[in-house]
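The chain contents come next:
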Amino acid sequence: MTIREILKMGDPRLLRIAAPVTEFDTDEIHLLVSDMFDTMRSVNGAGLAAPQIGVDLQLVIFGTDAVNPRYPDAPLVPRTVLLNPVITPLSHEEEDGWEGCLSVPGLRGVVPRFSRIRYTGFDPYGDPIDRTVDGFHARVVQHECDHLIGKLYPMRIRDFTQFGFTEVLFPGLGDADD
């Protein structure tokens, strides 16, 4: 079990554009994915992008098999490893929702995201993934994929009156869960 350091907002490495994965089913990819899941689980993350641990590859993971304590009311999202993702909005309709980020600890903000998307890409073996999703699942995918283009969720906030410290906004959640 290897837990990697998660980069924090302000680190210039989080602003870079990630490179596509060009080789699949390698020991390096499988080890990276394993480390990412260990890291995500250690901090109750809903997802994690490779750039958040300093790896400039288009690789994101998300989903769990159990309720996430950081998002206790959110529906389960299937555990997924997604390489070279492409997101296609299926309408112009957006939903506002609260988001946090492991790279922006202790803060939450309301972020607009497309309500319904299609995402495509590959699993670690190079097999294609093609899903149409909505709600929290769509939000998580869009959030994680933003990391691949050097965007953090505060860059998408439109109303900064809906941005603040988790302990103030959600006192029952507790700092340990964010």
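Rules and cut-offs
Residues numbered from 1 in each chain as written. Predicted model: local features only at pLDDT ≥ 70, side-chain atom pairs only at ≥ 80, totals over all residues. Heavy atoms only, no water. Phe/Tyr/Trp six-rings, centres within 6.5 Å; stacked < 30°, edge-to-face > 60°. Helix = DSSP H or I, 4+ residues; strand = E, 2+ residues; numbered from the N terminus. Buried < 20%, exposed > 50% of the residue type's maximum accessible area, 1.4 Å probe, protein only. Pairing = 2+ DSSP bridges. Expected span 1.5 Å × (residues − 1). Core = buried A, V, L, I, M, F, W, Y, C linked by side-chain atoms within 4.5 Å. Contact = heavy atoms within 4.5 Å. Axes fitted to C-alpha atoms, helices over the stretch in contact; angles between N-to-C directions. Salt bridge = Lys/Arg side-chain N within 4 Å of Asp/Glu carboxyl O.

A. Quick look at the packing of aromatic side chains. Under the criterion given, the structure shown has six aromatic pairs. Where Phe-62 meets Tyr-119, the ring centres are 5.9 Å apart and the plane angle is 80°; that geometry is what we call edge-to-face. Taken together, the positions of Phe-62 in strand β2 (residues 59–62) and Tyr-119 in strand β6 (residues 116–122) put the pair 57 residues apart, joining distant regions of the chain. Taken individually, Phe-62 and Tyr-119 each receive the classification buried, so the pair is uniform in this respect.

B. Here's a closer look at the pairing of strand β4 (residues 94–101). For β4 and strand β5 (residues 104–114), the ladder comprises seven bridges, and the chain directions are antiparallel. Bridge pairing in β5 links Asp-96 to Pro-112. Hairpin geometry of β4 and β5 is characterised by an intervening segment of two residues between the two adjacent antiparallel strands.

C. Highlighting helix α1 (residues 27–42). Between the first and last C-alpha of α1 there are 22 Å, a value that for 16 residues agrees with the 22 Å anticipated at 1.5 Å per step. Listed as buried for α1 are Ile-29, Leu-32, Val-33, Asp-35, Met-36, Phe-37, Asp-38, Thr-39 and Met-40. Among the residues trailing α1, Asn-44 stands out with phi positive, at a value near 55°.

D. A look at the nonpolar core. Core analysis: the largest hydrophobic core is formed by 19 residues, its most contacted members being Val-60, Phe-62, Leu-82, Ile-117, Tyr-119, Phe-136 and Val-141. Counting residues per element, the ones that place at least two in this core are β2, β6, β7 (128–134) and α2 (135–146). In terms of residues, this core owes the most to one element, α2, which gives five residues. Apart from the residues lying within four places of it in its own chain, the contact partners of Tyr-119 are Phe-62, Thr-80, Leu-82, Val-86, Ile-87, Ile-129, Asp-130, Arg-131, Val-133, His-137 and Val-141.

E. Quick peek at the sheet that holds strand β8 (residues 163–165). Taken in spatial order, the three strands line up as β4-β5-β8 in an open sheet, and their pairing is antiparallel. The open sheet terminates on both sides in strands that have one partner only, identified here as β4 and β8. The sheet shows a mean angle of 20° between the axes of neighbouring strands, direction not considered. Packing of α2 onto the sheet brings it into contact with β4 and β5, and relative to β4 it is tilted by some 60°.

F. The pattern of salt bridges, seen in detail. According to the stated counting rule, one finds 10 salt bridges in the structure shown. Here Arg-41 makes a salt bridge to Asp-38, at a shortest N to O gap of 2.8 Å. Of the two residues, Arg-41 and Asp-38 both sit in helix α1, three residues apart, roughly one turn of that helix.

G. Structural context of the side chain of Ser-115. When you line up the elements, Ser-115 lands in the loop between β5 and β6. The class of Ser-115 is buried, set by a relative accessible area of 6%. With sequence-adjacent residues up to four places away left out, Ser-115 is seen in contact with Glu-93, Glu-94, Glu-95, Val-133, Asp-134, Gly-135 and Ala-138.

H. Quick look at the sheet that holds β7. Here we have five strands laid out as an open sheet, ordered β1-β2-β3-β6-β7, and antiparallel in their pairing. Of all the strands in the sheet, the pair left with one neighbour each is β1 (47–49) and β7. Pairs of neighbouring strands in the sheet enclose a mean axial angle of 35°, with direction left out of account. As paired strands, β6 and β7 are joined by seven bridges and run antiparallel to one another. Each residue of the ladder has a partner; that of Arg-116, found in β7, is Asp-134. Here α1 sits on the sheet and contacts β1, β2 and β3 (80–89); the angle it forms with β2, its principal contact strand, is near 40°.

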